[in-house]
Amino acid sequence: MHSSTIFQICFLLQLVLIALPASTAQHCHPEDQKALLQIKKDLNNPSALSSWQTTTDCCRHWKGVGCDRAKTHRVNSLSLRDIDNPLPMPASVSALPYLTILGFGPANFTGPIPSSILNLKSLHTLQITSTLLSGPIPEFLSQITTLADLDLSFNQLSGQIPASLSRLSHLESLNLGFNKLGGPIPDIFNSFPNFTFLWLSSNQLSGKIPKSMGNINVTYLYLDNNKLEGDASMLFGSQKDTWTINLANNKKLAFDLGKVEFSYNLQILDLSHNEIYGNIPEGLAAVRDLVSLDVSYNKLCGKIPSGLSSVASASAFAHNKCLCGSPLPNCNRRRSF
């Protein structure tokens, strides 16, 4: 055989040997695979985890599993969803020490939240949403000081929002919407210097809005469908970067809207079904990105600033004390709604 032919064959064999590990090698760490299989067992081998097979790579082919392929090659994210049978959240998730993201739901998980997640020393995001979780928010969550994103929405949580959450100094996003939480909102928001998202909608929260909430510069703020009362003017400001404020259906929020300044980035504002008084300030019409506005069912009076009729229809201004001007009747034919 000619020497050049032998060289070509050897070169091709080297290419095959180089490529072979990349196509067949398992990237799933054995300890992580063992932990994941225990989780699957604890959940009675649900059909939602049928892709979790020892013959495949958990980092590539297992549903809901993600790995850090660049550095540690360990499982760093886990999402357990579509579990049909009512089962406790598996405590065995604590055997995945590199987890930064942990999600439960939508699924029929029942409580309580396993305290074993305290062993996850790098946890950045905890999402337990659309489950059968009930009872109070556990105090031990405040010990997971690495948390930046806490989402416990669409569950059946009751009791009060624990003031101990103030210990989560890295918290940027808190979503407790659509639960059965009651009592006052704790005055804890000076503890979160990088806070951007707050969603407490559709609970039974009552009392006054804490003053510290006025010090956070959130992008999205949802306090609607609660029983809050009194002043909410501290939530506004021209120096803030807020895109959405929803305070609707609290019934007893009362402040002079005419003295409020608005974020120039504001896109959605819903103040409906409260006791807000004063006039609608001209500054609101100057907000260029505003696309949705509702101030109906309040005690507002005076001429609607020109330009707002392109943002909202007459129903968004209806049922106030004495608003007038487009899209309502002219002010010389003033009437109550």
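It should be noted that the structure appears before, not after, this text.
Residues numbered from 1 in each chain as written. Predicted model: local features only at pLDDT ≥ 70, side-chain atom pairs only at ≥ 80, totals over all residues. Heavy atoms only, no water.

Colleague: Teacher, can you tell me more about unusual backbone geometry here?
Modeller: Comment: phi is negative for the bulk of residues other than glycine, and the bulk of peptide bonds are trans. For the peptide bond that leads from Gly111 to Pro112, omega is 0°, which places it in the cis range. Here Pro112 shows up in the loop between β5 (109-110) and β6 (125-128). Backbone geometry at Phe178 places phi at a positive 60°, although glycine is not the residue there. Note on placement: Phe178 falls in the loop between β10 (173-175) and β11 (180-183). Phi is positive for Tyr297, which is not a glycine, with a value near 55°. By the element assignment, Tyr297 lies in the loop between β20 (292-294) and β21 (299-303). (Helix = DSSP H or I, 4+ residues; strand = E, 2+ residues; numbered from the N terminus.)

Colleague: Where do I start with the side chain of Ser212 in this structure?
Modeller: Summarising the element assignment, Ser212 is placed in the loop between β13 (204-208) and β14 (220-222). Polar contacts involving the side chain of Ser212 include one to the side chain of Asp187, which spans 2.3 Å. Ignoring any residue separated from it by four or fewer positions in sequence, one finds Ser212 in contact with Asp187, Ile188, Phe189 and Asn190. (Polar contact = N/O pair within 3.5 Å; in protein donor to acceptor, adjacent residues only side chain to side chain. Contact = heavy atoms within 4.5 Å.)

Colleague: Could you clarify how one ought to interpret the nonpolar core in this entry?
Modeller: In a soluble, globular protein the nonpolar side chains are often hidden away together inside. Within the largest apolar cluster, 91 residues are counted, with the highest numbers of intra-cluster contacts made by Leu78, Leu223 and Phe317. Going through the elements one at a time, α2 (30-42), α3 (58-61), β1 (65-67), β2 (75-80), β4 (101-104) and β6 are the ones with two or more residues in this core. Once you skip the residues sitting within four places of it in the chain, Leu223 turns out to touch Ile185, Leu198, Leu200, Ser201, Ile209, Met213, Leu228, Leu235, Asn246, Leu247 and Asn250. (Core = buried A, V, L, I, M, F, W, Y, C linked by side-chain atoms within 4.5 Å. Buried < 20%, exposed > 50% of the residue type's maximum accessible area, 1.4 Å probe, protein only.)

Colleague: Quick question: what am I supposed to make of the state of the cysteines here?
Modeller: Note on terminology: disulfide describes a covalent bond linking the sulfur atoms of two cysteines. One pass over the structure, following the stated rule, counts four disulfides. The disulfide that involves Cys28 links it to Cys58, with 1.9 Å between the sulfurs. On the sign convention where negative is left-handed, the bridge of Cys28 and Cys58, at about 90° about the S-S bond, is right-handed. In this pair, Cys28 sits in the loop between α1 (3-24) and α2 while Cys58 sits in helix α3, placing the two residues 30 residues apart along the sequence. Each member of the pair Cys28 and Cys58 is classed as buried. With a sulfur-sulfur separation of 2.1 Å, Cys324 is cross-linked through a disulfide to Cys331. One quick way to see it: the torsion about the S-S bond of Cys324 and Cys331 is about 90°, and its sign makes the bridge right-handed. Each disulfide in the protein chain links cysteines that, numbered along the sequence, combine into the pattern 1-2, 3-4, 5-6, 7-8. (Disulfide = S-S within 2.5 Å.)

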